[in-house]
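Letter by letter, the chains look like this.
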Amino acid sequence: MHAIMKPRIAPLLAALACTATSHSAELPTVPGPFDSSQDSLTTYECPDWFRDAKFGIWSHWGPQSVPMHGDWYARHLYTENNFRGDYEHHLENYGHPSKRGWKDIIPLWKAEKFDPERLMKLYKDAGAKYFVSMAVHHDNFDLWNSKHHKWNAVKMGPQRDIVGDWQKAAKAEGLPFGVSEHLAASFWWWQDNKGADSKGEFAGVPYDGNDPAYEDLYHWKADPADDSRWYTADKRFHQIWFNRISDLVETYKPDLLYSDGGLPFGEFGRTLVANYYNQNIADHGGKLEAVYNCKERGNQSNAEFIPGSYVQDMERGLLPGINPLPWQTDTSIGDWFYNKGYKNKDTGTMYRSPEWVIQTLVDIVSKNGNLLLNVIQKPDGSIDPEVETLLADVGAWMKTNGDAIYGTRPWTKFGEGPSVKQMTGGDFKEDFKFTAKDIRFTTKGEKLYAITMGIPADGKLTIESLGLNRGTIKTIKLLGHTGDLEWNQSRFALDVTLPSDYKGRIALTLEVTGSGFVARK
């Protein structure tokens, strides 16, 4: 990319200040090499900082943490007999949603123990190389001093700039900073609050989402002809989305921008991403350092899928093999928002195990991906002691084995072992029973790393992919161990005897050099 003159920001913000109520689009542009055409966006190249980072931490946090009932609470409180009991919980603790709905939960979010500086140090010590703050969830509440929306964290709730405070803490620790927007799906997501109970004392009494006084929070009722799912076809909302997310990007100039879905709303979305790239180029002396994440899913209405124009994101899922382009999985150590009743499959508790985090990270990195991990915060902004222990355990493993993670590229194959055939890939497919026989490979320069997904009980390790038919091994080093290793390379396998005094846990890493082991570019 070539250097361009820094665009004049004031006219852009002035043009965005008026939220359109008609179908006519207001799409001011930032000058630069990108425009809103598909052909232009496909010239995007992912920056090296992201490819090298491999591990990021996400704060998926906001007023929906207040009830401590988990993700999508704001929507489900308007749904009778929903599968998690959110409606009943709300009725018992806050009142009926015809009178006391989501608008009445927002003031209860105080974030009184939110200490971003302390948390960021914990995240960096855990091995994170970038940090992402949620900026707005589907609940339509902005976590910054939004120029276009009064329902924001500076004016209400904690009365502080959550996004800005996170950014200052990330910069102080030298971490690239990102923001996630979930606003694009908000119009569809909020339509449940336009209903009423079907039975009981309040049958037929409209929920507070029908009150015109709160339309700026709850949106207006969808046109019956708009049967879109996830992303509405209503261009009035497309404009609102464009204005508010443009303000977010202009205010914080994030290194990463994430959309919870495909690229939204056609020309609106493509223009916003082109502006984001162009402004980033101007701010970095002509070099593009921005990452835009979105989900490539063919079942989302009003979303565009332009491979190579951004970094593909998967939710709670793994790919079945190596992706030639960098990609990212986003997942969580538990529910997305604080949920006292949530239980993970691998632990039976609210939180994942450090083993699960490390195994998931290793598998993703072996396939050319990054892991973005949500660390759950309590309503007051603090984290539970169990979470601090999990982060410390992950950090200890990364300190020993980080050379096999950071700055690496895939090998000619991502791995071997029983799990390889189990992994069909896809969103919401992230629970696998890895064993010490499951191996994952990464490379860096002339070094090949073989990472086990467990510790062999008998101290014997066999790696079929590292036989003489693949290449000739010169040296082998066990990360975290200073002594020599006993090993033998036959035609069809490498056999290693682990030292009896090895204290590693969760997984171990062999660093291999020799001929025939070449890194991908």
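Residues numbered from 1 in each chain as written. Predicted model: local features only at pLDDT ≥ 70, side-chain atom pairs only at ≥ 80, totals over all residues. Heavy atoms only, no water.

## Focus on the pattern of salt bridges
Within this structure, the stated rule accounts for 32 salt bridges. Between Lys 124 and Glu 173 there is a salt bridge, with the nearest N and O atoms lying 3.8 Å from each other. Of this pair, Lys 124 sits in helix H6 (residues 116-125) while Glu 173 sits in the loop between helix H7 (162-172) and strand S3 (177-181), and the two are 49 residues apart along the sequence. Residue Asp 346 pairs with Arg 352 through a salt bridge whose shortest N-O separation is 3.1 Å. Judged by its relative accessible area of 5%, Arg 352 falls in the buried class. In the salt-bridge network here, residues are joined through shared partners; they are Asp 260, Lys 295, Asp 313, Glu 315 and Asp 330. (Salt bridge = Lys/Arg side-chain N within 4 Å of Asp/Glu carboxyl O. Helix = DSSP H or I, 4+ residues; strand = E, 2+ residues; numbered from the N terminus. Buried < 20%, exposed > 50% of the residue type's maximum accessible area, 1.4 Å probe, protein only.)

## As for the pairing of strand S6 (residues 291-294)
On S6, burial covers both faces: Val 291 and Asn 293 on one face and Tyr 292 and Cys 294 on the other are all buried. Pairing analysis gives three bridges linking strand S4 (residues 256-259) to S6, with the strands arranged parallel. For Tyr 258, the partnering residue across the bridge sits in S6 and is Asn 293. Two elements, S6 and strand S8 (residues 311-315), share two bridges in a ladder whose sense is parallel. The residue bridging Cys 294 from the neighbouring strand is Gln 312, located in S8. (Pairing = 2+ DSSP bridges.)

## Description of the confidence of the model for the chain
Per-residue confidence for the chain averages 93 on the pLDDT scale, and 94% of its residues sit at or above 70. Predicted confidence is poor over residues 1-22, with pLDDT under 50, and the contacts of this stretch with residues over four places away or in other chains come to 47 contacts. (pLDDT = per-residue confidence, 0-100. Contact = heavy atoms within 4.5 Å.)

## Some details on the sheet that holds strand S17 (residues 494-497)
One open sheet holds the three strands; their spatial order is S14-S17-S16, and the pairing between them is antiparallel. Two strands lie at the open edges of the sheet, namely strand S14 (460-463) and strand S16 (486-489), each paired on one side alone. Strand-to-strand twist of the sheet, defined as the mean angle between neighbouring strand axes without regard to direction, takes the value 15°. Relative to S17, S14 runs antiparallel, the two being bridged by four bridges. (Axes fitted to C-alpha atoms, helices over the stretch in contact; angles between N-to-C directions.)

## Regarding the side chain of His 69
The residue His 69 is located in the loop between strand S1 (55-59) and helix H4 (73-76) in this model. A polar contact of 3.4 Å, which involves the side chain of His 69, links it to the side chain of His 89. In this view, His 69 contacts Arg 84, Gly 85, Asp 86, His 89, Tyr 338 and Asn 339; residues no more than four positions away in its chain are not counted. (Polar contact = N/O pair within 3.5 Å; in protein donor to acceptor, adjacent residues only side chain to side chain.)

## Quick notes on the packing of H6 against H7
Interaxial distance between H6 and H7 falls to 9 Å at its minimum, and their mutual angle equals 50°. Judged by the angle between their axes, H6 and H7 are oblique. Once H6 is placed against H7, the crossing between them reads as right-handed. Listed contacts from H7 to Pro 116, Glu 117, Leu 119, Met 120 and Tyr 123 of H6 are Asp 165, Trp 166, Ala 169 and Ala 170. The residue inventory of the contact of H6 with H7, partitioned by class, reads seven nonpolar, no polar and two charged. (Parallel < 35°, antiparallel > 145°, perpendicular 65-115°, else oblique. Left-handed = near helix turned anticlockwise from the far one by under 90°. Nonpolar A, V, L, I, M, F, W, Y, C, P; charged D, E, K, R; others polar.)

## Concerning the environment of Trp 61
By the element assignment, Trp 61 lies in the loop between S1 and H4. Looking at Trp 61, its side chain comes within polar contact range of the main-chain oxygen of Lys 378, at 3.0 Å.

## Re the packing of aromatic side chains
In this description, an aromatic ring pair is defined by two values, namely the gap between the centres and the angle between the planes. By the definition in use, this model includes 34 aromatic pairs. Relative to Tyr 207, the ring of Tyr 78 has its centre 5.5 Å away and its plane inclined at 55°; by these criteria the two rings are tilted. In this pair, Tyr 78 sits in the loop between H4 and helix H5 (86-93) while Tyr 207 sits in the loop between helix H8 (186-189) and helix H9 (215-218), placing the two residues 129 residues apart along the sequence. With respect to class, Tyr 78 is no different from Tyr 207; both count as buried. Ring centres of Tyr 231 and Phe 265 lie 5.3 Å apart, and the angle between their planes is 55°; this geometry places the pair in the tilted category. Here Phe 265 lies in the loop between strand S5 (263-264) and helix H11 (267-283) and Tyr 231 lies in the loop between H9 and helix H10 (235-252), a separation of 34 residues in the sequence. In terms of burial, Tyr 231 and Phe 265 fall into one category: buried. Three or more aromatic residues joined by ring pairs form one cluster here, namely Trp 72, Tyr 78, Trp 151, Trp 188, Trp 189, Trp 190, Tyr 207, Tyr 214, Tyr 218 and Trp 230. (Phe/Tyr/Trp six-rings, centres within 6.5 Å; stacked < 30°, edge-to-face > 60°.)

## Details of unusual backbone geometry
Look at Lys 54: it is not a glycine, yet its phi comes out positive at around 70°. The residue Lys 54 is located in the loop between helix H3 (48-53) and S1 in this model. For Lys 54, a relative accessible area of 1% gives the class buried. Its identity as a non-glycine residue notwithstanding, Arg 316 has a phi of 50°, on the positive side.

## Quick look at H7
Of all 11 residues in H7, eight are buried, a share of seventy percent or more. Listing the buried residues of H7 in full gives Ile 162, Val 163, Gly 164, Asp 165, Trp 166, Gln 167, Ala 169 and Ala 170. Buried residues along H7 sit in contact with S1, H6, strand S2 (130-136), S3 and H10. Immediately beyond the C-terminal end of H7, within one or two residues, lies Gly 174, with a positive phi of roughly 75°.

## Quick look at the nonpolar core
Judged by nonpolar contacts, the single largest core of 133 residues is most densely connected at Trp 102, Tyr 123, Trp 166 and Tyr 277. It is H10 that contributes the most residues to this core, eight residues altogether. Not counting chain neighbours up to four residues away, the residues in contact with Tyr 123 comprise Ile 57, Ala 128, Phe 131, Trp 166, Val 375, Ile 383 and Leu 391. The next biggest cluster of nonpolar side chains, apart from the first, holds 20 residues, and it includes Ile 463, Leu 466, Ile 473 and Leu 485. (Core = buried A, V, L, I, M, F, W, Y, C linked by side-chain atoms within 4.5 Å.)

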